[in-house]
Structures are given as C-alpha cells and as structure tokens.
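Observations on the model geometry
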Amino acid sequence: KHNDAYYNRGIEKYNLKDYKGSIKDFSSLIELNQNDANAYMFRGFVYLEMKKIDEACIDVNKAYALGQKDALKYINQYCKWQQTMKCNIKKSANT
C-alpha cells in the first residue's frame with residue numbers, strides 16, 4: 001500500500017535527519033488523501049525540527065481540525081505563542 005510506504009519512509013527520513021525528504025513523503029501522503037490527519041501531524045513535526053514554525057502551525061492546526069486531538073498540545077505550545085508575537089510585532093510597527 002502506497003500510504004504505508006510513504007509513512008514508513010517519511011518517518012525513517014525524519015529519524016535520519018533528512019527533513020526535506022521526510023517533508024516530501026508526508027506531502028505525497030497528503031496529495032493522496034487530504035483528510036489524513038496523521039500525515040499533517042507528522043509533517044508538522046518535521047517543520048518544527050526545521051524551525052519553520054509558520055508551516056508547522058498550519059499543519060498541526062489542520063491535523064487538529066481533522067480529528068487529531070494530540071495536535072492541541074503542539075498548537076498550545078508553539079502556535080499561540082507565535083500568534084501573540086505576530087500581534088505584538090504588528091502593534092509595535094503601527095505605533
């Protein structure tokens with residue numbers, strides 16, 4: 001099954017710190033099934049490792065919206081702080 005191969009390969013590449021390769025595999029999974037909450041969640045983890053917080057937050061929010069309840073702790077830890085920082089930056093720029 002293609003989905004299992006992409007999952008396994010994406011996780012293996014992540015473990016080998018081949019983050020770009022891992023992103024590619026999880027993105028391929030999402031292309032096959034846009035409602036795959038776990039694929040968004042895993043890709044979000046990879047983006048976090050790459051310090052791409054915006055992309056990570058988009059993916060973990062999507063995973064949560066698709067029913068991946070574990071995503072909420074990552075949203076609370078990374079994304080709410082990020083939103084607060086963006087708001088503060090915008091406020092500082094406007095004053």
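In what follows, the structure referred to is the one given above.
Below you will find a few notes about this structure.

The rules behind the values
- Residues numbered from 1 in each chain as written.
- Predicted model: local features only at pLDDT ≥ 70, side-chain atom pairs only at ≥ 80, totals over all residues.
- Heavy atoms only, no water.
- Helix = DSSP H or I, 4+ residues; strand = E, 2+ residues; numbered from the N terminus.
- Contact = heavy atoms within 4.5 Å.
- Areas by Shrake-Rupley, 256 points an atom, 1.4 Å probe, with all protein chains shown as cover.
- Expected span 1.5 Å × (residues − 1).
- Buried < 20%, exposed > 50% of the residue type's maximum accessible area, 1.4 Å probe, protein only.
- Phe/Tyr/Trp six-rings, centres within 6.5 Å; stacked < 30°, edge-to-face > 60°.
- Lys NZ or Arg CZ within 6 Å of the ring centre and 35° of its normal.
- Salt bridge = Lys/Arg side-chain N within 4 Å of Asp/Glu carboxyl O.
- Disulfide = S-S within 2.5 Å.

1. A look at the overall build of the chain
- What the chain contains, in helices and strands, is five helices and zero strands.
- When the helices and strands of the chain are read in sequence order from the N terminus, they spell out α-α-α-α-α.
- Across the chain, contacts joining residues at least 24 apart in sequence account for 43% of those joining residues at least 6 apart.
- Carbon and sulfur atoms provide 51% of the accessible area of the chain, an area that totals close to 6400 Å².

2. Regarding helix 2 (residues 19–32)
- In this model helix 2 runs 20 Å from its N-terminal to its C-terminal C-alpha over 14 residues, within 8% of the 20 Å that 1.5 Å per residue would give.
- Burial of helix 2 is extensive: 10 of the 14 residues sit out of reach of the surface.
- Buried-residue contacts for helix 2 involve helix 1 (2–15) and helix 3 (37–49).

3. Considerations on the packing of aromatic side chains
- Summed over all chains, the structure comprises six aromatic pairs.
- When the ring of Tyr14 is compared with that of Tyr19, the centres are 5.8 Å apart and the planes differ by 55°; the resulting orientation is tilted.
- We classify Tyr14 as partly exposed; its relative accessible area is 27%.
- Among the aromatic residues, those joined into a cluster by ring pairs are Tyr7, Phe26, Phe42, Phe45 and Tyr74.
- One Lys or Arg, Lys69, reaches over the ring of Tyr64 and ends 5.3 Å from the middle of that ring.

4. Comments concerning the pattern of salt bridges
- In total, this model carries three salt bridges according to the counting rule given.
- For the salt bridge of Arg43 with Asp59, the shortest nitrogen-to-oxygen distance reads 2.5 Å. Placement of Arg43 in helix 3 and of Asp59 in helix 4 (residues 53–65) is noted, with a sequence separation of 16 residues between them. For the residue pair Arg43 and Asp59, the accessibility class agrees, reading buried in each case.

5. Considering the state of the cysteines
- Throughout the structure, instances matching the rule amount to one disulfide.
- Two residues share a disulfide in this structure: Cys57 and Cys79, whose sulfurs sit 2.2 Å from each other. Classification of the bridge connecting Cys57 and Cys79 rests on its S-S torsion, roughly -105°, and on that basis the disulfide is left-handed. One end of the pair, Cys57, is in helix 4; the other, Cys79, is in helix 5 (residues 71–94), and 22 residues separate them in sequence.
- The class for Cys57 is buried, based on a relative accessible area of 5%.

6. Overview of unusual backbone geometry
- Positive phi is not limited to glycine here, since Lys17 has a value of about 65°.
- In this structure, Lys17 sits in the loop between helix 1 and helix 2.
- Positive phi, close to 65°, is recorded for Lys51, a residue that is not glycine.
- With respect to the element layout, Lys51 can be found in the loop between helix 3 and helix 4.

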